[in-house]
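Per-entry structural report
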Amino acid sequence: MRFLIIILLLLTMNQAFAQKKAYNRGLKLEAAGNILGAIEQYKNALYKNMSYVKAREALERTSTKRVDQLLQDHFIATEGNLQTTKESVNSANRIIELIEEMKYFSIDIDLPKYQVANLSKARELLTEQKISEANALIVAQRYDEAKLLVDSILISHAAHPQALVIQKEIRSALLKKEAKSALDRKKYLMAFDAYQQLT
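Summarised in this report is the structure supplied together with it. Only a predicted model underlies this, so the values are computations on that prediction, with no experimental measurement involved.

Of note in the backbone geometry, Ser106 takes a positive phi value of approximately 60 degrees without being a glycine. Relative to the elements of secondary structure, Ser106 occurs in the loop between α4 (86-104) and α5 (113-139). Accessibility expressed as a relative area gives 61% for Ser106, which makes it exposed. A positive phi angle, near 60 degrees, is found at Gln141, a position not held by glycine. On the secondary structure map, Gln141 appears in the loop between α5 and α6 (143-156).

When its volume is computed, the largest pocket comes out at roughly 290 Å³. Looking at which element gives the most residues to the lining of the largest pocket, the answer is α5, with seven residues. In terms of residue class, the lining of the largest pocket is built from five nonpolar, five polar and five charged. Lining the second largest pocket, in full, are Leu36, Ile39, Glu40, Lys43, Arg66, Leu70, Arg94, Glu97, Leu98 and Glu101. Contributions of two or more residues to the lining of the second largest pocket are made by α2 (35-48), α3 (53-77) and α4. Taken together, the residues that form the lining of the second largest pocket break down as four nonpolar, no polar and six charged.

Right, let's get into helix α7 (residues 161-184). Spanning 24 residues, α7 covers 35 Å between terminal C-alpha atoms, matching the ideal 34 Å at 1.5 Å per step. Along α7, the residues classified as buried are Ala163, Ile166, Ile170, Ala173, Leu175, Ala179 and Ala182. Lys186 occupies a position one or two residues after α7 and carries a positive phi of about 60 degrees.

The rules behind the values
- Residues numbered from 1 in each chain as written.
- Predicted model: local features only at pLDDT ≥ 70, side-chain atom pairs only at ≥ 80, totals over all residues.
- Heavy atoms only, no water.
- Helix = DSSP H or I, 4+ residues; strand = E, 2+ residues; numbered from the N terminus.
- Buried < 20%, exposed > 50% of the residue type's maximum accessible area, 1.4 Å probe, protein only.
- 1 Å grid on protein atoms, 1.4 Å probe; cavity = no way out; pocket = protein on both sides within 12 Å on 5 of 7 lines; lining within 4 Å.
- Points joined across faces, edges and corners; volume = space filled by probe spheres on them.
- Nonpolar A, V, L, I, M, F, W, Y, C, P; charged D, E, K, R; others polar.
- Expected span 1.5 Å × (residues − 1).

Shown next, in the form of structure tokens:
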């Protein structure tokens, strides 16, 4: 029993040491101006202990700095207006992804309302681009690639109507392909099962 307690104490101490080490690496990287590296280290510290207050404060500070940097990049990409280019859509997406990721750590990053509207518009355009790409992949019968694209849309927009329709199309196409392949190999039970799933 004593041996078990000693092992548990050592594991706890090792965990505390690892989170402190990640936090200190984050501080060094932040001081050197490496915001992305610092964010990763603070996240590592929090993965080890979600209640590590210093790491959460540091992550909030650095992620806010990163959002500010990304907003500047986005402003440059949009050339100071609401023009939406592929670069501006991608920069908007990076901002939104970072803000969403920080919610996992209970960190809310507030943006001015005009920025939220601008970013949302860019995000919608990115989603439309992905929908178009997925449709083109379906026409080319590249269903696995189309499925990956649609899945990436549904991660951030779980009930996106077009993505759900395309997801259903892909599923049907893959089941038909599976059924045809099973028939060709004279695996009639497998073919029947695939056709059953289509209905």
